[in-house]
Every structure is written in C-alpha cells, then in structure tokens.
Amino acid sequence: MSEASPAKAYTLHLGVIALLFVLSFLLPEYYHGLLARIMVLAVFAMGYNMLFGYVGLLSLGHAMFFAAGLYGAGLAVIQLGWSVPLAFLGGVACGAVLALVIGLLALRTTGVAFMIVTMMFAQVFYLLILYFATWTGGDQGMVVPQPARVLSLGATSLELTNPTVRYMTALGLFSIVLLITSAIVRSRYGRVLVAIRENEERTKMLGYDTFSNKLAAVVVSGTICAASGAAYALLFGYVGSSFASVQYSILPLLWVLLGGAATTLGPLIGTLFMYYVIDITSGYTSAYLLIVGIALILLVLFFPKGILGSIRQRWLGWLP
Amino acid sequence: MMPLLTTKGLSRNFGGLRAVDGVDFALMPGEIRAVIGPNGAGKTTFVSLVSGRIQPSSGMIVFDGADITGLPAYIRVRQGIAYTFQITSVFANLSAYDNVALPVQRTLSDGRSKGAVRTGVMAALERTGLADRAHMPAGQLSYGHQRLLEVAMGLALKPRLLILDEPTQGLADSEIDNFITLVREIAKNATVLLIEHNMPVVMQLADRITVFNAGKILAEDTPEAIRENAAVQEAYLGTAP
Ligand SMILES: Nc1ncnc2c1ncn2[C@@H]1O[C@H](COP(=O)(O)OP(=O)(O)O)[C@@H](O)[C@H]1O
Ligand SMILES: [Mg+2]
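All values derive from a computational prediction rather than experimental measurement.

Rules behind the numbers
Residues numbered from 1 in each chain as written. Chains lettered and ligands numbered in written order. Predicted model: local features only at pLDDT ≥ 70, side-chain atom pairs only at ≥ 80, totals over all residues. Heavy atoms only, no water. Helix = DSSP H or I, 4+ residues; strand = E, 2+ residues; numbered from the N terminus. Rg over C-alpha atoms; globule rule 2.2 N^0.38 Å. Buried < 20%, exposed > 50% of the residue type's maximum accessible area, 1.4 Å probe, protein only. Near = heavy atom within 4 Å. Polar contact = N/O pair within 3.5 Å; in protein donor to acceptor, adjacent residues only side chain to side chain. Areas by Shrake-Rupley, 256 points an atom, 1.4 Å probe, with all protein chains shown as cover. Nonpolar A, V, L, I, M, F, W, Y, C, P; charged D, E, K, R; others polar. Pairing = 2+ DSSP bridges. Contact = heavy atoms within 4.5 Å. Axes fitted to C-alpha atoms, helices over the stretch in contact; angles between N-to-C directions. UniProt positions renumbered as here; feature names shortened; annotations may be inferred. Phe/Tyr/Trp six-rings, centres within 6.5 Å; stacked < 30°, edge-to-face > 60°.

K.L.:
How should the overall build of chain A be read in this particular structure?
P.N.:
The number of helices and strands found in chain A is 14 helices and 4 strands. Over its C-alpha atoms chain A spans a radius of gyration of 19 Å, differing by no more than 12% from the 20 Å that the globule rule assigns to 320 residues. Along the first, second and third principal axes, the C-alpha atoms of chain A reach 55 × 45 × 45 Å. Counting over 320 residues, chain A shows a buried share of 51%.

Structure follows, in structure tokens:
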C-alpha cells in the first residue's frame, strides 16, 4: 500500500481536484450547489475514514465532531461576532479538543463497546445542544446571518453566499483535506495505523504505543470532521441539532462503506453516489429511502469493499 | 559479569494450572541459550512473561539491572527485548516489505530519510533470504518463509535480547542450515533465547540448555551434560521423535 506508485496516486488526486474545478463552470445551478454540499460532507467522510478505514475503529458517534465544528463556528459568528476565518478555526479547535477528550475515554474500550461508548457520548452531546437552547436554538437551530458570512481578504471581500465562492471554498477545503489525508496514510504513521488495524497485539510487540497512536488518529479524524462541520455552518448558513443526531453518525459510515473504506477517494465517491441515488429515486417515488436502503444492502452483499475497494481488488491494485 | 536477564520466582497460573511455576532463571549477555521441554511445559508462557505479552501471577523480571516486571510490552521492546511468535503472526495483508518496515522505522530515531527505512528493510530481508519476495503479501508466503519473516522483523528491532519461539518449525532442511548460520551471526550482537524442538539445531547452537517440565526448570547445563542427564531423557528426550 504505502509502497505502491506514489506518482500515480498523486496524479489521480490532482486530476480529481482539477475535474471538480472544471465542473464548477459546466454544471447547472442546482447540481452546482449540490456538489458544493457534497464536497463539504465528503470531508466529513474522509475524517471518518481516517479512523474507520485505516485504524479499523468503528465509531457511531462522529456526528458530535461534525456538530462541534458546526456549532463552534456558528456560535462564534452569531454569539461572539467573530470573523469567518477565526470562527472556522474556532470550530476546528472545538472538534480537536472534544476528540482528544472522547479519545482518552472511549479508547479504553474496543469493538462493540467502542461503538456503544462513542454513540453514548454523541447522544450526550446532542442532548446538551437541546438543553442549552437559549444559546444553541435548540431543535430549531440557528441561521448564520448572511451579512456575517463574508470573507474579508484585505481590500476584497468574498461573499460565501455567492455560489461560485461557495463552490470554490468547498473545493479548497476538500482538496486540502484530500492531500493531507493521502499524505498521512502514505507516511510512516499511516503504516502504523494500518498495522494496528491488522493486528494490534503484534504492533505492540514491535515497540509501538498503540494507545497513543490510536488517540492521535481519533484527534486527526475528529478535527477533520469538525472542519467539515465548521465549513458547513459558514457556507450554508444553517446550524441545526439534527446534524448532531445519530443519523449523522451513521451517514459517514455508509458513505465510507459505499465508496470504499481505506481508499483516499472512497469518501467522495460514497457521498456523491448516495446523494445521486437519493436525488434520482426521490424523483420517482416517495419511498426513496427504501430504495436507498435496498441499494446499500446489495452493495454491502456484493461489493463488501465498496466501490473503489472492489475496483482496487479486481483491477487497479495501485489505487490509493 | 552481570546477567542480562534474571527472573525470580516467576509464576503464571491459568485457572488452576501453574503454567510457569516459580522459575529462577539467569541469562548472560552474548549467550545463545536454548530452552527445551515437552509440549505444554510452559516455555511459551515463560518467554511471554519476559516479553510482557502476558502478566505474571507473581515473581520478578530484571533486565539489564532494572526491574521491568510492571512495564508494558512496547517499552520492553524499546529497551531491547524482541519476541518472535511461535504461532506465526505476521501482518498477512501487508507486504513482506511493510512487515519489516514497521520495526525498522521505529528503531530509526529522529526524522531520517526514506532511504534509511528502505536500506534497513532490505538488509533484514537479505539476511533472512526474503529479499526477492519483498513485495508479496506476507499471507501468501509459504509457512517457512513466514517464520523467516518473523525472524526478520525481530532482527529489524535491533534487539539486545532476541527471543525465538520454535523458529525452525516448518522449515525445510536446507533452510534450517541457513537459519543456523543466521542465528550465529545474530548472536555476535545480541543475546539469543531460543525455544527449539529440533535437537540437532539445539546441539549446534546452544551455549547452554535449560530444560522445562511442568512449569519448572528441570535442569540447566551444557549441551553435552544435558544429553547425558537421565532425568531429562526421561522427561523429554525419551519422548522426542
Ligand atoms: N492463554 C492460556 N490460557 C489457558 N491456558 C494456557 C494459556 N496459554 C498456555 N496455557 C497452558 O499452559 C501450559 C503451558 O503452555 P505453553 O507455555 O504454551 O507450553 P509450551 O510452549 O512449553 O508448549 C499448557 O498446559 C497450556 O495449555
Ligand atoms: Mg510453545
């Protein structure tokens, strides 16, 4: 994996980024907006993949990291009047700190217990959002006012409500996170994470402190998910408690499974595919979630490695 | 001279079974020590206690003058105790290269170049005769080669004490000859604790032999003396294939 053709992988990633850039000028308005949203959510999925795909830790509570970024950035703008870049960093920092604390506690467990513990923490986080409704807007959520969603760069100011600015900002975040995650998984640290996934006991016997390595992975993962949440709040202007609900812990798992766990582009493909399927089927029938469910079951049954995982296994062994 | 490794009253129970039972053991630096004994004698359990893979019920382990009884396994590895598993436990889905890169990259301190990892990995693979299989998934190597990969991973840790748990199991005769040469070479820089069933290998390599039986040390002596020892013959050599 870490030895396989770095140049090819690099080219592929740059190619995907270039394609997304060009699509900005080709897509009709509706799909343009949808793709911007998908890119931001794909960042969420990439963060999830970091932990689930590479370290093999299945969390059912990642909505809390997304929501930490979402509320961290949203509240910073709404309640504290912070500027967009500061609010973004504030949201990311919230996610990082939360991930550190949750990691320290939840990593005492493994397997099913880890799933349950992360889910419980996320539920606590969700209930706290509802409880502190005075600040968070409770289940109504909050709208980040349009005038505040402006990125001032010296003399010029970019309005994040402008579709092109929004698309390019989403693409920027997506690209940075894609390049960072692919660098991490190719690094020595990435090799250790995969070793932990494959056989944690053996990894310890090679002198690795697997707890610290896993903790670092939780923090990286949580931070990326928070970046996604923070960008979501600032780009789309809505901060709602539904993003902290269990549904948003399960969605990134589905996106990653669909696209291919432990592949760098799987999260994007999975997110894209799921939205595409929902979009098409909801045009035909109101029971579209049923169809999505069936599609997922078929995929997991016949392509357990997801779309890119299966392609890598059957045809393109070098796929990152 | 101070022993590199000492155990005092080391014991481990599994339920009612005393798998290792009050073992006092000492190993001198530079030695090749063979540990023999019938199946179930407690040899693997003993070295697992030394490596920190399992915790003792009682007793003490001293390595290089320091009490390491309470240290987690990964710290013992960093202090120089490397353990190769009896039940092959390579990373089956990773390439042989990556399997060895894991120990190599950890022993390289402070951000050295990618080249250093590659050099270290290829050196360990060359020494075990696996260099031409570097890019095969470890799970697709033959059983004997997986055993050698285990040894390569142990070597790559640059250990001061290398524990080998039945390393020749499943090796062909020609591979065993290479293996004996390899262990002699390793022993120039490290102390070797070798659990081994193959008596010719033991007789050729060991400076001293420790015989385990029912969790206790039955005898400890030179290879010649052990061969003549009546109690050992009864417990072990008599039943050897
Ligand atoms: N994890 C374990 N749980 C229970 N019993 C064990 C365990 N490991 C070893 N034993 C028992 O301890 C005894 C010693 O085993 P072991 O150390 O593997 O012997 P050897 O390596 O000399 O063949 C055996 O009776 C074995 O069944
Ligand atoms: Mg054994």
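K.L.:
What exactly am I supposed to notice about the site of ligand 1 here?
P.N.:
Residues and elements named next belong to chain B. Surveying the vicinity of ligand 1 reveals the residues Phe14, Leu17, Ala19, Pro38, Asn39, Gly40, Ala41, Gly42, Lys43, Thr44 and Thr45. One nitrogen or oxygen atom from the main chain of Gly40 is found 2.8 Å from an oxygen atom belonging to ligand 1. Within the backbone of Gly42, one N or O atom sits 3.0 Å away from an oxygen atom of ligand 1. In isolation ligand 1 offers 560 Å² of accessible surface; the protein chains occlude 59% of this area. Elements represented by at least two residues in the shell around ligand 1 include exactly β2 (17-27) and α1 (43-51). Here the shell around ligand 1 gets 3 residues from one element, more than from any other, and that element is α1. Its residues placed into classes, the shell around ligand 1 shows 5 nonpolar, 5 polar and 1 charged.

K.L.:
Sorry if this is basic, but what is going on with the pairing of strand β2 (residues 150-153) of chain A here?
P.N.:
Successive side chains on a regular strand alternate, one facing one side of the sheet and the next facing the other. Residues and elements named next belong to chain A. The pairing of β2 with strand β3 (residues 156-159) spans 4 bridges and is classified as antiparallel. Within the sheet, the bridge partner assigned to Leu153 lies in β3 and is Thr156. Between β2 and β3, which pair antiparallel in sequence order, lie 2 residues; one of them, Gly154, sits at a positive phi of approximately 65°.

K.L.:
Would you mind going over the pairing of strand β1 (residues 5-14) of chain B with me for this structure?
P.N.:
Residues and elements named next belong to chain B. Where β1 lies against β2, 7 bridges are found, and the strand directions are antiparallel. Paired with Thr6 across the strands is Ala26, a residue of β2. Between β1 and the antiparallel strand that follows it, β2, lie 2 residues; Gly15 among them carries a positive phi value of about 60°. Looking at chain direction, β1 and strand β4 (residues 58-63) are connected through 5 bridges and run antiparallel. Across the sheet, the residue bridging to Leu5 is Phe63, located in β4.

K.L.:
Where do I start with the sheet that holds β2 of chain B in this structure?
P.N.:
Whether parallel or antiparallel, the strands of a sheet pair through hydrogen bonds between backbone atoms. Residue and element names in this part refer to chain B. Here we have 4 strands laid out as an open sheet, ordered β2-β1-β4-β5, and antiparallel in their pairing. A strand with exactly one partner marks an edge of an open sheet, and here the two such strands are β2 and β5 (66-67). Helix-sheet contacts for α1 involve β1, β2 and β4, and the interaxial angle to β1 is about 120°.

K.L.:
Which parts of the structure should I look at to understand the UniProt feature "transmembrane region" (unreviewed entry) in chain A?
P.N.:
All names here are of chain A. UniProt annotation of "transmembrane region" (unreviewed entry) refers to residues 9-28, 34-57, 88-107, 114-133, 167-185, 215-238, 250-276 and 288-311 when read in the numbering used here. The distance separating the terminal C-alpha atoms of residues 88-107 is 27 Å; by composition the span is 95% helix and 0% strand. Annotated as residues 114-133, this span is 95% helix and 0% strand, and its ends, taken at the C-alpha atoms, are 29 Å apart.

K.L.:
What's the story with the packing of aromatic side chains in this structure? I'm lost.
P.N.:
The description of an aromatic ring pair uses the distance of the two centres, along with the angle that the planes make with each other. Residue and element names in this part refer to chain A. Inspection of every chain in the model, using the stated rule, returns 17 aromatic pairs over all chains. A centroid spacing of 5.4 Å and a plane angle of 75° characterise the contact between Phe21 and Phe25, whose relative ring orientation is edge-to-face. Of the two residues, Phe21 and Phe25 both sit in helix α1 (residues 6-26), 4 residues apart, roughly one turn of that helix. Using a relative accessible area of 40% as the deciding quantity, one classes Phe21 as partly exposed. Their ring planes at 90° and their centres at 5.1 Å tell us that Tyr131 and Phe132 sit as a pair that is edge-to-face. For Phe132, a relative accessible area of 35% corresponds to the partly exposed category. An aromatic cluster of at least three residues, connected via ring pairs, comprises Phe44, Phe66, Tyr232, Phe236, Tyr238, Phe243, Tyr248 and Trp255.

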